[in-house]
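# Summary of structural features
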Number of protein chains: 2
Amino acid sequence: MRRTKAQQRQDTTHALVTEARTLFARHGYAAVSLADIVDGVGLTKGALYHHFDNKAALFHAVVEQVQSEVAARVVAAAETSDDPWLRLTAGCEAFLRASADPDVQQIMLVDGPAILRWHEWRTMDEAASGQHLSEALAELIEQGTIPEQPIAPLTHLLSGAMNEAALWLAQSTRPRDLDDTIVALSRLLDSLRHPKLT
Amino acid sequence: MRRTKAQQRQDTTHALVTEARTLFARHGYAAVSLADIVDGVGLTKGALYHHFDNKAALFHAVVEQVQSEVAARVVAAAETSDDPWLRLTAGCEAFLRASADPDVQQIMLVDGPAILRWHEWRTMDEAASGQHLSEALAELIEQGTIPEQPIAPLTHLLSGAMNEAALWLAQSTRPRDLDDTIVALSRLLDSLRHPKLT
DNA sequence: CAGTTGACATACCGATGGTATGCGACCTAC
DNA sequence: GTAGGTCGCATACCATCGGTATGTCAACTG
């Protein structure tokens, strides 16, 4: 049962992040104490503070994990097609479905902006799923599918729309709501490549 | 200096809510202690707990105040016209401008969903600005300006888009971003009444 | 194998949200 | 108008929690 130090370090940090993720997702950041987390892994606060600067730093690691998983699912969905437009719509739909996960809900969308100050949260979100969204939009503009326009505002409008929709869907009881939302989102996206007739 | 008890009660609660709002908006909910709040008003925690069940209840009252102000501004903007479509767009634009207020930012959009559990926050937001949005959409469907479709998903998509856009605009340095966002939002809204040509 | 570093545990502290209780000003009933 | 009750608030206190200081034993390094 001899373990190398590097492996031991990786094991404990991973265990802490995993346990923290479970508790944060279930009860919310504020309602989870560090004692709850370390007890669940059979460690003490000394171990936690050896690997993380403070509670927020541990939460940061959890958010990184969750966001990377969401980003992976979005990318996987987008890569199923070569057509930039289909990649955009597929990515958006994949994001909505991924956000149905309660972990994503509470950690990424509810506690994330409040615990990490909003700017830091935005930076992380940008680096994860937001990145692909703005890239997809840029590509569509470049190839002339949607008209020339500033990308940043559009990215935030769409990203915010999907975030809020995901939160709403989480507590919705009617299964139809998910489909209705995807349809409504598709309509909005479609409007980009069928600009209004003036 | 005799005050009736009812007035005294109203005065102190109002003072507490006002002071709490200032501090919550400036430093965020978690960073403000109850001692900070009562010191600023010249009272003690005893007074606070006589009027509010706990810290979250005080925050709830603050959110109610902020949301009612935002709703008032939205309604005022919407009432300038009789045309349902103009009332929708004017309301949306007014919401975006109202959300530029740092109080609205931090309290309503960042801390709100995390402190009040999301469902409660959503209920309050629904009762305030969200109400007018869905009513406006319903009216437009009824009069045939936009096609028949489920209202709830659309409401949440648009509401989320504006919330996120407001947060982004708050830390944006370029003044043009606000105008660009309003334009982009108008495009999305316009797509509702100029459905895609199939 | 000696000395150092790293991975934790233990013990402790200050701050903070929350509670129990006491007191004086106001209000009501007679 | 005054006695008893209620209300508005202060004081004192408690438990918990995030964070720190320090000790200890295993693992690495020369």
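The rules we used
Residue positions within a chain follow its written sequence, with the count starting from 1. Each chain is given a letter, starting from A, and each ligand a number, starting from 1, according to the order in which they appear as written. The model is predicted, so local features are restricted to residues of pLDDT at least 70 and side-chain atom pairs to those at 80 or more, both for listing and for counting; the totals for chains, interfaces and linings are taken over all residues. To get the side-chain values, take all heavy atoms of the structure and skip hydrogens and water. Secondary structure elements follow DSSP: runs of H or I no shorter than four residues count as helices, runs of E no shorter than two count as strands, and numbering proceeds from the N terminus. Under the scheme applied here, a residue whose accessible area is under 20% of the maximum for its type counts as buried, over 50% as exposed, and between as partly exposed, the area being computed with a 1.4 Å probe on protein chains only. By definition, residues are in contact when any of their heavy atoms lie within 4.5 Å. His is not counted, nor are the chain ends, whereas Lys and Arg count as positive and Asp and Glu as negative. By convention, the point assigned to a charge is CZ for Arg, NZ for Lys, CD for Glu and CG for Asp. UniProt positions are given in the numbering used here, feature names are shortened, and annotations may be inferred rather than shown by experiment. Think of a polar contact as two N or O atoms within 3.5 Å of one another; within protein, one of them needs to be a possible hydrogen donor and the other a possible acceptor, and neighboring residues in sequence only count if both atoms come from side chains. Superposing the copies works by least squares over the C-alpha atoms of residues that have pLDDT at least 70 in both of them. Buried surface area refers to the total accessible area, computed with a probe of radius 1.4 Å, that the two partners give up upon joining, counted for both partners together. Salt-bridge detection follows one rule: a side-chain nitrogen of Lys or Arg within 4 Å of a carboxyl oxygen of Asp or Glu. Ten residue types, Ala, Val, Leu, Ile, Met, Phe, Trp, Tyr, Cys and Pro, are classed as nonpolar, four, Asp, Glu, Lys and Arg, as charged, and the remainder, Gly among them, as polar. In this description, a line fitted to the C-alpha atoms serves as the axis of each element, helices being fitted only across the stretch in contact, and the angle between N-to-C directions of two axes falls anywhere from 0 to 180 degrees. Angles below 35 degrees are treated as roughly parallel, those above 145 as roughly antiparallel, those between 65 and 115 as roughly perpendicular, and all remaining angles as oblique. When the near helix sits turned anticlockwise from the far one by under a right angle, the crossing is termed left-handed; a clockwise turn instead gives a right-handed crossing. As used throughout, domain bounds are those supplied by an automatic or database domain assignment. Here the aromatic set is Phe, Tyr and Trp, taking the six-membered ring for Trp, and pairing holds for ring centres within 6.5 Å; pairs whose planes are under 30 degrees apart are stacked, those over 60 apart are edge-to-face, and all others are tilted. Put simply, a charge is over a ring when the Lys NZ or the Arg CZ is close to the ring centre, within 6 Å, and near the line of the ring normal, within 35 degrees.

Looking now at the overall build of chain A. Within chain A, the secondary structure is distributed over 9 helices and 0 strands. In chain A, the succession of helices and strands from N to C terminus is α-α-α-α-α-α-α-α-α. When its C-alpha atoms are laid out on the principal axes, chain A stretches across 70 × 35 × 30 Å. Each of the 198 residues in chain A was classed as buried or not, and the buried ones make up 49%. Contacts spanning at least 24 positions in sequence make up 68% of the contacts within chain A whose residues lie at least 6 apart. With 18 positive and 26 negative side-chain charges, chain A shows a spacing of 6 Å between the two charge centroids.

Moving on to the UniProt feature "DNA-binding region" (unreviewed entry) in chain A. In this structure's numbering, the residues bearing the UniProt feature "DNA-binding region" (unreviewed entry) are residues 33-52 of chain A. Secondary structure across residues 33-52 of chain A divides into 75% helix and 0% strand, with the first and last C-alpha atoms of the span separated by 15 Å.

Take the UniProt feature "domain: HTH tetR-type" (unreviewed entry) in chain A next. When the UniProt feature table is mapped to this numbering, "domain: HTH tetR-type" (unreviewed entry) covers residues 10-70 of chain A. Counting secondary structure, residues 10-70 of chain A comes out at 80% helix and 0% strand; the distance between its end C-alpha atoms is 22 Å.

What follows is about the environment of A:S186. All names here are of chain A. Within the fold, S186 resides in helix α9 (residues 176-193). Taking the relative accessible area as the measure of exposure, S186 reaches 35% and is therefore partly exposed. Residues S186 and T89 lie 97 residues apart in sequence; the distance between their C-alpha atoms is 7.2 Å.

The periodicity of an α-helix, 3.6 residues per turn, causes residues three or four positions apart to be oriented the same way. Counting buried positions along helix α6 (residues 102-115) of chain A yields 12 of 14 residues, so the element is predominantly enclosed. Capping the start of α6(A) is the job of one residue whose side-chain oxygen sits 3.0 Å from the backbone nitrogen of A:D103: A:D101.

Rotating chain B by 179° about the axis while translating it 0.0 Å along that axis superimposes it on chain A, leaving an RMSD of 0.1 Å. The relationship between the two copies is best expressed as a two-fold rotation axis. No C-alpha of chain B lies nearer the rotation axis than that of B:A161, which sits 2.0 Å from it. Both copies contact each other with a shared surface, as 100% of the interface residues of chain B are interface residues in chain A too.

A few words on the interface of chain B and chain A. Chain B puts 40 residues into the contact, and the matching count from chain A is 40 residues. Surface buried jointly by chain B and chain A totals about 3500 Å² across both partners, of which 68% is contributed by carbon and sulfur atoms. Linking chain B with chain A are 2 salt bridges. Of the charged contacts, one joins A:E164 and B:R122 as a salt bridge, the two residues approaching to 2.7 Å between their closest N and O atoms. Elements supplying a minimum of two residues to the side of chain B that touches chain A: α1 (5-27), α6 (102-115), α7 (118-142), α8 (151-170) and α9 (176-193) of chain B. Top contributing element to the side of chain B that touches chain A by residue count: α8(B), with 11 residues. The residue inventory of the side of chain B that touches chain A, partitioned by class, reads 19 nonpolar, 11 polar and 10 charged.

Before going further, it helps to spend a moment on the packing of helix α5 (residues 84-98) of chain B against α7(B). Residues and elements named next belong to chain B. With their axes 9 Å apart at the nearest point, α5 and α7 run at an angle of 155° to one another. On the basis of their axis angle, the class for α5 and α7 is roughly antiparallel. Between α5 and α7 lies a crossing whose hand is left-handed. Residues P84, W85, R87, L88, C92 and F95 of α5 pack against S129, L133, A136, L137, E139 and L140 of α7. Among the residues making up the contact of α5 with α7, the classes are represented as 9 nonpolar, 1 polar and 2 charged.

A separate point is the pattern of salt bridges. With the rule as written, the count across this model stands at 19 salt bridges over all chains. A salt bridge links A:D190 to A:R193; the nearest nitrogen and oxygen atoms lie 3.1 Å apart. Of the two residues, A:D190 and A:R193 are both situated in helix α9; the distance of 3 residues between them amounts to about one turn of the helix. Judged by relative accessible area, which is 33%, A:R193 ranks as partly exposed. B:R122 serves as the salt-bridge partner of B:E126, at 4.0 Å between the closest nitrogen and oxygen. With B:E126 and B:R122 both in helix α7 and 4 residues apart, the pair spans about one turn of that helix.

With that settled, consider the domain arrangement of chain A. All names here are of chain A. When cut into domains, chain A gives domain 1 (1-52) and domain 2 (55-193). Here the C-alpha centroids of domain 1 and domain 2 sit 29 Å apart. Buried area between domain 1 and domain 2, both sides added, is near 1500 Å², and the carbon and sulfur share of it is 67%. Seen at the junction of domain 1 and domain 2, the total is 2 salt bridges. Across the salt bridge formed by R21 and E69, the nearest N and O atoms sit 2.8 Å from each other. Summed over the shared surface of domain 1 and domain 2, the result is 7 residue pairs in polar contact (both at pLDDT 80 or more). In terms of residue count, the dominant contributor to the side of domain 1 that touches domain 2 is helix α1 (residues 5-27) (6 residues). Considering only residue class, the side of domain 1 that touches domain 2 consists of 13 nonpolar, 1 polar and 1 charged.

A few words now on the packing of aromatic side chains. Residue and element names in this part refer to chain A. Under the defined criterion, the tally for this structure stands at 7 aromatic pairs over all chains. Ring plane angle 40° and centroid distance 5.2 Å describe the contact between F24 and Y29, whose orientation is recorded as tilted. One exposure class covers both F24 and Y29, and it is buried. Arranged with centres 5.1 Å apart and planes meeting at 70°, the rings of Y29 and F59 form a pair that is edge-to-face. Pair noted here: Y29 is in the loop between α1 and α2 (34-41) and F59 is in helix α4 (residues 55-78), with a separation of 30 residues, a long-range link. As far as the burial class goes, Y29 and F59 line up, both buried. In textbook terms, an aromatic cluster arises when at least three aromatic residues are bridged by ring pairs, as seen for F24, Y29 and F59. The ring of Y29 is capped by K55, whose NZ or CZ atom sits 4.3 Å from the centre of that ring.

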